[in-house]
Amino acid sequence: MENFPESAQSQLKQFKEYAISHPQLAQVDMLLMGAIREPAGFAHVLVYGPSGVGKTTMIRQITRRLNGTIVDQNSVLSF
């Protein structure tokens, strides 16, 4: 990527970070945020699934939201 112009690098980064909304992911977001906010005695949440379904993206989005880097705290994840 070092050989690409800065504008191309920026566009590639934006493309990789782009996500679309999906009804099942919105439901998973709601359940996961509920488990984080109301842990019911559990200290860990296990996230699993096939490769490429958005596990890492989901964790990054939730981390940003919990750290306050996403302004709208009431929004669900967009994948």
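For the structure itself, consult the block above.
Our subject in this report is the structure included herewith. (Residues numbered from 1 in each chain as written. Predicted model: local features only at pLDDT ≥ 70, side-chain atom pairs only at ≥ 80, totals over all residues. Heavy atoms only, no water.)

What follows is about unusual backbone geometry. A positive phi angle, near 50 degrees, is found at A40, a position not held by glycine. Structurally, A40 can be placed in the loop between α2 (23-37) and α3 (55-66). For A40, a relative accessible area of 70% puts it in the exposed group. (Helix = DSSP H or I, 4+ residues; strand = E, 2+ residues; numbered from the N terminus. Buried < 20%, exposed > 50% of the residue type's maximum accessible area, 1.4 Å probe, protein only.)

Below, the discussion takes up a nonpolar patch on the surface. A surface patch of nonpolar side chains, amounting to about 230 Å² of accessible area, comprises I36, V45 and L66. Along the chain, L66 falls in helix α3. Given a relative accessible area of 45%, L66 falls into the partly exposed group. (Patch = residues over 30% accessible without salt bridge, like charges linked within 9 Å, V, L, I, M, F, W, Y side chains within 5 Å. Areas by Shrake-Rupley, 256 points an atom, 1.4 Å probe, with all protein chains shown as cover. Salt bridge = Lys/Arg side-chain N within 4 Å of Asp/Glu carboxyl O.)

So, about the side chain of D29. With respect to the helices and strands, D29 occurs in helix α2. The buried category is assigned to D29, whose relative accessible area is 2%. Separated by 2.8 Å, the side chains of D29 and R65 make a polar contact. (Polar contact = N/O pair within 3.5 Å; in protein donor to acceptor, adjacent residues only side chain to side chain.)

Attention shifts here to the packing of α2 against α3. Look at α2 against α3: their axes get within 12 Å of each other, and the N-to-C directions meet at 50 degrees. The orientation of α2 relative to α3 falls into the category oblique. For α2 against α3, the interelement crossing comes out right-handed. Touching V28, D29, L32, M33 and I36 of α2 are M58, I62, R65 and L66, all from α3. (Axes fitted to C-alpha atoms, helices over the stretch in contact; angles between N-to-C directions. Parallel < 35°, antiparallel > 145°, perpendicular 65-115°, else oblique. Left-handed = near helix turned anticlockwise from the far one by under 90°. Contact = heavy atoms within 4.5 Å.)

Considering all chains together, one arrives at 1 salt bridge under this definition. Residue D29 is joined to R65 by a salt bridge in which the shortest nitrogen-to-oxygen separation is 2.8 Å. With a gap of 36 residues between them, D29 in helix α2 and R65 in helix α3 connect regions that are remote in the sequence.

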